Amino acid sequence: MKETWMSIKRAPFQSLAIFLILFFTVFLSTLIFIGLTFLYSFLNYIETRPQVTVYFQNTASTEQIFRLRDELTQSGKILSIKYISKEEAFNIYKNMNKDNPLLLEMVSSDILPASLEIYAKKPIFLPQIAEYLKKQPGVDEVIFQKDIISKLVTATNTIRMITIFFFSFLIIMTTIILFVIFSFKIALKKEEIHLLQLIGATKNYVRSPFLKEASFFGFFSSLISFFIIIIAVLYFEPFLQSYLRGIDSLSLNLVFYNLNIWPMNYYFLIVTFIISSLFSILIATIASYLAINKYLD
Amino acid sequence: MISFDQVTKKFPLGNVALEKISFDIEENEFVFLVGPSGAGKTTIIKLITKEINPTSGTIIVDNFDISDKKFNQQIQLRRKIGIVFQDFKIIQDKNVFENIAISLKVINSSVKKIKEEVRMMLKFVNLTEKEKVFPVQLSAGELQRVAIARALIGDRKIILADEPTGNLDPKTAWEIMKIFKKIEGKKTIIFATHNTDIVNSLKKRVIVLKNGKIFKDLRKGGYEL
């Protein structure tokens, strides 16, 4: 730590430049990360809503509905199907309008249709399922969120491509700038490095203070950028709450666990901080490693 | 300990720094390397530390054939060698203790060993009181004593001194020589210098270089050009 501090004091403007470029990169990357996790969790949320809802005429029998449900299940395109009977529909209606007795008086379970809530395995199956259902006897209405999902999928894919491109550009630009600044810092210490080599220091020994300094800058810049993001998140949270009204929670299905994104929670923020710190430390140490290796070679 | 056999060093632009020179230096021998500027003194030192490679010939240092192109034990070789430079090469943002300790740190010595040996060495070069002082506050003579302490510490068998008195006044130069006298017979010392008084008064072996060749090799000689 003492050596790192001495090195910062020795070249304060170069150190400031390293901090600023890392801060800029980590700040943008963390914002992108948070934005993408929100987007993906939102997509996840939309996909877990009933994708096709089919309402049946009053004349349709339960057997007829169950036969259709079984046919769909066997098609291989369905993730799950939920049957909602007239009584269940009435209960849902009652629950939704419990504060409005007038509305409750006007409706009985006979009026409300039975329905099937269908979740497809892939969004591309949705039009096929909807078309199939429309042709079935006893079907009154078919509602499916084709447009919303397909637009969201397209938007997500586009954003992902743009992000990959922008992110790659950002990483390459940052690495090159850091490489140049670290090279200046190394040049300032060339006599010391030469001396260390002459008295038998290994390459790792020579590299070590530069890598430690790079790690320090990586961690410090991610810490500062994270604090600014936390302040921004706290400021914008009420706006997000009103925007996302009706959505209880957003989560992202990762391979090993389900990461809760919304409402904002400590766990998600800690994960974000760890990822941004690791990214920042990695990019700084790689640039430093390349610079010192170029000098040692 | 050190053996040069028909060693030639030509630089890429064609100038010949050394031409077919041969000499042997025994273990714990004290040898002066003298000659005018450009005679090849520094080239010999750089060849011993393997900073540069010979164009032809064989160089053996402590049983290492460092002229062998497959030689890859540079770090082990350099850990046996201590170097004292004319311009001291003291790290400005480290204090006296840290500057000397660096020789032990590179060989991964324990903190306890570093403290013990550095303090012993500070006493040896008479700088005990200056342990925490930074280079900017030291005189040239004191800086060179720090450099000598750094070269001696860590049980280094060979000491290469490249004009260590070149930047010092005669009185200080003699103080530095007293330290070298104290280690005489305990380490192999190669001392490159221009200082006639020192060479003549110490009566040690003198290798005189001229135009990249050994002009004379005097067992108990003086400075002759």
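Residues numbered from 1 in each chain as written. Chains lettered and ligands numbered in written order. Predicted model: local features only at pLDDT ≥ 70, side-chain atom pairs only at ≥ 80, totals over all residues.

**With respect to the overall build of chain A**
(1) Moving on: When helices and strands are counted, chain A shows 10 helices and six strands.
(2) Moving on: The C-alpha radius of gyration of chain A comes to 29 Å, more than 25% above the 19 Å expected for a compact globule of 297 residues.
(3) Moving on: Projecting the C-alpha coordinates of chain A onto the three principal axes gives extents of approximately 95 × 40 × 25 Å.
(4) Moving on: Within chain A, the fraction of its 297 residues that count as buried is 24%.
(5) Moving on: Within chain A, residue pairs in contact and separated by at least 24 positions form 81% of the contacts whose partners lie at least 6 positions apart. (Helix = DSSP H or I, 4+ residues; strand = E, 2+ residues; numbered from the N terminus. Rg over C-alpha atoms; globule rule 2.2 N^0.38 Å. Buried ≥ 20, exposed ≤ 12 C-beta atoms within 10 Å, placed from the backbone. Contact = placed C-beta atoms within 7 Å.)

**A word on the overall build of chain B**
(1) Moving on: Summing up its helical and strand segments, chain B has seven helices and 10 strands in all.
(2) Moving on: Computed over the C-alpha atoms, the radius of gyration of chain B is 17 Å, within 12% of the 17 Å expected from 2.2 N^0.38 for a compact globule of 225 residues.
(3) Moving on: In terms of overall dimensions, chain B has C-alpha extents of about 45 × 40 × 35 Å along its principal axes.
(4) Moving on: Going through the 225 residues of chain B one by one, you find that 43% of them count as buried.

**As for the interface of chain B and chain A**
(1) Moving on: At the interface, 11 residues of chain B touch 12 residues of chain A.
(2) Moving on: Split by residue class, the side of chain B that touches chain A holds five nonpolar, two polar and four charged. (Nonpolar A, V, L, I, M, F, W, Y, C, P; charged D, E, K, R; others polar.)

**A word on unusual backbone geometry**
(1) Moving on: The omega angle of the peptide bond from Trp262 of chain A to Pro263 of chain A is 0 degrees, so this bond is cis rather than trans.
(2) Moving on: Counting through the fold element by element, Pro263 of chain A comes out in the loop between strand E6 (258-262) and helix H10 (266-296).
(3) Moving on: Backbone geometry at Asn126 of chain B places phi at a positive 60 degrees, although glycine is not the residue there.
(4) Moving on: Assignment of secondary structure puts Asn126 of chain B in the loop between helix H4 (111-124) and helix H5 (140-152).
(5) Moving on: C-beta crowding within 10 Å serves as the criterion here: with 14 such atoms nearby, Asn126 of chain B is assigned to the partly exposed category.
(6) Moving on: At Lys203 of chain B, a residue that is not glycine, the phi angle is positive and equals roughly 55 degrees.
(7) Moving on: Tracing the chain through its elements places Lys203 of chain B in the loop between helix H7 (196-202) and strand E9 (205-210).

**Quick notes on the sheet that holds E9 of chain B**
Residue and element names in this part refer to chain B.
(1) Moving on: Sheet architecture is open: six strands sit in the order E6-E7-E8-E3-E9-E10, paired in mixed fashion. In this open sheet, the two strands that pair with only one neighbour each are strand E6 (81-85) and strand E10 (213-218). Recorded for the sheet is a direction-independent mean angle of 15 degrees between the axes of neighbouring strands. (Pairing = 2+ DSSP bridges. Axes fitted to C-alpha atoms, helices over the stretch in contact; angles between N-to-C directions.)

**A short note on the confidence of the model for chain B**
Residues and elements named next belong to chain B.
(1) Moving on: For chain B, per-residue confidence averages 89 on the pLDDT scale, and residues scoring 70 or more make up 98% of the total.
(2) Moving on: Put simply, H7 is where chain B has its lowest mean pLDDT, 83, and helix H3 (residues 96-105) is where it has its highest, 94.
(3) Moving on: With pTM at 0.75, the complex prediction returns an ipTM value of 0.89. (pLDDT = per-residue confidence, 0-100.)

**A word on the packing of helix H9 (residues 203-243) of chain A against H10 of chain A**
Residue and element names in this part refer to chain A.
(1) Moving on: Their axes nearest at 7 Å, the elements H9 and H10 cross at an angle of 150 degrees. Judged by the inter-axis angle, H9 sits roughly antiparallel to H10. When the axes of H9 and H10 are compared, the crossing they make is right-handed.
(2) Moving on: Across the contact of H9 with H10, the residue classes break down as 17 nonpolar, 10 polar and two charged. (Parallel < 35°, antiparallel > 145°, perpendicular 65-115°, else oblique. Left-handed = near helix turned anticlockwise from the far one by under 90°.)

**Focus: the domain arrangement of chain A**
(1) Moving on: Along its sequence, chain A is organised into domain 1 (2-47 + 150-296) and domain 2 (52-144).
(2) Moving on: Between domain 1 of chain A and domain 2 of chain A, the C-alpha centre-to-centre distance is 48 Å. (Domains from an automatic or database assignment.)

**Focus: the environment of Ile2 of chain B**
All names here are of chain B.
(1) Moving on: Along the chain, the position of Ile2 falls in strand E1 (residues 2-10).
(2) Moving on: Given 22 C-beta atoms within a 10 Å radius, Ile2 is considered buried.
(3) Moving on: As a C-alpha pair, Ile2 and Phe64 span 62 residues in sequence and 9.3 Å in three-dimensional space.

**Focus: helix H3 (residues 62-74) of chain A**
All names here are of chain A.
(1) Moving on: Taking 1.5 Å per residue, 13 residues should reach 18 Å; H3 reaches 18 Å between its end C-alpha atoms and fits that length.
(2) Moving on: Among all positions in H3, only Ile65, Leu68 and Leu72 are buried. For H3, the angular spread of buried residues about the axis comes to 65 degrees, placing them on one side. In H3, the exposed positions that point more than 90 degrees away from the buried face belong to Thr62, Glu63, Phe66, Arg67, Asp70, Glu71 and Gln74.
(3) Moving on: For H3, the elements touching its buried residues are strand E1 (52-56), strand E2 (78-84), strand E3 (115-120) and helix H6 (126-134). (Expected span 1.5 Å × (residues − 1). Arc of directions from axis to C-beta.)

**Here we look at the confidence of the model for chain A**
(1) Moving on: Looking at chain A as a whole, the pLDDT averages 86, with 96% of positions reaching at least 70.
(2) Moving on: When the elements of chain A are averaged for pLDDT, helix H5 (residues 101-106) of chain A gives the smallest value, 74, and H10 of chain A the largest, 93.

**Some details on the sheet that holds strand E4 (residues 139-144) of chain A**
Pairing between the strands of a sheet is mediated by backbone hydrogen bonds and can be parallel or antiparallel.
Residues and elements named next belong to chain A.
(1) Moving on: The strand order E2-E3-E1-E4 describes an open sheet built from four strands, whose pairing is antiparallel. Only two strands of the sheet have a single neighbouring strand rather than two, namely E2 and E4. Within this sheet the neighbouring strands show an average axis-to-axis angle of 15 degrees, counted without direction.
(2) Moving on: As paired strands, E1 and E4 are joined by five bridges and run antiparallel to one another. The residue of E4 that forms the bridge with Phe56 is Val139.
(3) Moving on: Packed onto the sheet, H3 meets E1, E2 and E3 and runs at close to 170 degrees relative to E2.

**Some thoughts on the nonpolar core**
(1) Moving on: With 90 residues, the main nonpolar core has Leu33, Ile100, Ala147, Ala149, Leu160 and Ile190 of chain B as its most contacted residues.
(2) Moving on: Tallying contributions element by element places H5 of chain B first for this core, with seven residues.
(3) Moving on: Counting 13 residues, the second-largest nonpolar core is a separate cluster that includes Val52, Val54, Leu72 and Ile129 of chain A. (Core = buried A, V, L, I, M, F, W, Y, C linked by C-beta atoms within 7 Å.)

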